[in-house]
Amino acid sequence: MQTVEDLLAVTGLPFARYAWDPKPKGDYGVIGFLSEVSLEAGNRTAERGTQYYVDYYTRSDGEAVRAVISAALAPLSGRLDYTEYERDTGYLHMEWVVAVYG
Amino acid sequence: MAKCTTDFSSLFREFDRMENSIVPICKMGVYDGAKILADAIKSACPTDTGSMKDSLGISRMVSSDGGVSTSIGFSGTDEKGVPNQLKARVFEFGRSTDNLKRPFVRPAVNRAKAAAQAAMAATIETEIQKTIGGK
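What you see as residue numbers is a count from 1 along each chain, following the sequence as written. Naming scheme: in the order in which they are written, chains are lettered from A and ligands are numbered from 1. Selection of residues for local features in this predicted model requires a pLDDT of at least 70, selection of side-chain atom pairs for listing and counting requires 80 or more, and totals for whole chains, interfaces and linings are taken over all residues. Computation of side-chain values: all heavy atoms of the structure, hydrogens and water removed.

(A) Quick peek at unusual backbone geometry. Phi angles above zero are rare outside glycine, and Ser77(A) is one such case at about 55 degrees. Position of Ser77(A) among the secondary structure elements: in the loop between α2 (63-73) and β4 (79-85). Its identity as a non-glycine residue notwithstanding, Asp65(B) has a phi of 50 degrees, on the positive side. Considering the arrangement of structural elements, one finds Asp65(B) in the loop between β2 (62-64) and β3 (67-69). Helix and strand assignments follow DSSP, with helices taken as H or I runs no shorter than four residues and strands as E runs no shorter than two, numbered in order from the N terminus.

(B) Representation of the pattern of salt bridges in the model. What makes a salt bridge here is a side-chain nitrogen of Lys or Arg within 4 Å of a carboxyl oxygen of Asp or Glu, nothing more. Summed over all chains, the structure comprises twelve salt bridges over all chains. A salt bridge links Glu95(A) to Lys101(B), with the nearest nitrogen and oxygen atoms 2.6 Å apart. Here Lys101(B) lies in the loop between α2 (84-93) and α3 (105-133) and Glu95(A) lies in strand β5 (residues 92-101), a pairing that spans two chains. Classification of Glu95(A) by relative accessible area gives buried; the value is 0%. For Lys101(B), a relative accessible area of 15% gives the class buried. Salt bridges sharing partners connect three or more residues here, namely Asp55(A), Arg79(A), Asp81(A), Glu95(A), Glu92(B), Lys101(B) and Arg106(B). Buried residues are those whose accessible area, probed at 1.4 Å on protein chains only, stays under 20% of the maximum for their type, while exposed residues exceed 50% and partly exposed ones sit between those limits.

(C) A nonpolar patch on the surface, seen in detail. Residues and elements named next belong to chain B. A surface patch of nonpolar side chains, about 420 Å² in accessible area, is lined by Phe-8, Leu-11, Phe-12 and Phe-15. You can see Phe-15 is positioned in helix α1 (residues 9-44). The exposure class of Phe-15 is partly exposed, given its relative accessible area of 49%. Each patch is built from residues lacking any salt bridge and having more than 30% relative accessible area; the joining distance is 9 Å for like charges and 5 Å for nonpolar side chains (Val, Leu, Ile, Met, Phe, Trp, Tyr). Reported accessibility uses the Shrake-Rupley method at a 1.4 Å probe radius. Residues are deemed covered only where the shown protein chains occlude them.

(D) Up close: the side chain of Ser55(B). Residues and elements named next belong to chain B. Along the polypeptide, Ser-55 turns up in the loop between α1 and β1 (57-58). Using a relative accessible area of 13% as the deciding quantity, one classes Ser-55 as buried. Any pair of nitrogen or oxygen atoms within 3.5 Å is treated as a polar contact; in protein, a donor-acceptor pairing is required on top of that, and neighbouring residues in sequence qualify only through side-chain atoms on both sides. Engagement of the side chain of Ser-55 in a polar contact is seen with the backbone oxygen of Ser-75, the distance being 3.2 Å.

(E) Summary view of the side chain of Arg95(B). Tracing the backbone through its elements, the reader meets Arg95(B) in the loop between α2 and α3. Polar contacts involving the side chain of Arg95(B) include one to the side chain of Asp88(A), which spans 2.6 Å.

(F) Local environment of the nonpolar core. Residue and element names in this part refer to chain A. Buried residues of nine kinds, namely Ala, Val, Leu, Ile, Met, Phe, Trp, Tyr and Cys, make up a nonpolar core once their side-chain atoms join them within 4.5 Å. Grouped together as the largest cluster of nonpolar side chains are 16 residues, with contacts concentrated most on Val-4, Leu-8, Ile-69, Leu-73 and Trp-96. At the level of secondary structure, the elements contributing two or more residues to this core comprise α1 (4-9), β3 (44-58), α2 and β5. Counting residues per element, this core draws most heavily on β5, at five residues. Once you skip the residues sitting within four places of it in the chain, Val-4 turns out to touch Ile-31, Tyr-52, Val-54, Leu-73, Leu-76, Val-98 and Val-100. Contact criterion: two residues are considered in contact whenever any of their non-hydrogen atoms come within 4.5 Å of each other.

What follows is the structure in structure tokens.
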């Protein structure tokens, strides 16, 4: 089974699990636990899984990065859930949500 | 040749009655589901957020395009004048330079979603039965 880290490794972008940098110098990404989830079939729980968030902070315009990460996370049906431009830091913050089942 | 006649007038009366009642019934159902979600979010709120927890509310029910919907959100400001909505967003999504990310809305919704859907269905079904039965 492919992990989120495996999928993101092909992007060549800097990702770390839960590692947050108080004084970031460049672009960086963080992978973290979001929630337990379950797939329902009828009234029954068919499958349980784990939802992760994938944050990426970039000072580029973000278009290329967004395309690369979205493509990498496609096998886990990763979806871009949030984007915000931080005026005070100049970072564009993007967050994807992915779910791993089984 | 056999001839069969049926009086549909009572059935049409039920349809008329349902037509006038279905939107209010759906609003009751959506409210019951939203209340479960709001309670779940409230109980998952980070504790050190002052007034943010108390500012969570359910907005008015909106009926449009054949559906009924509402919103659950934070309102107002805390004692320092910081908008509660902004604080909730920082906790939910984080920022590049503050290690404050503690998602609580989406996990709470994931946990309570099935119960909310069941409550909506139960309320709507019960109210429809009352409407049809209450001739």
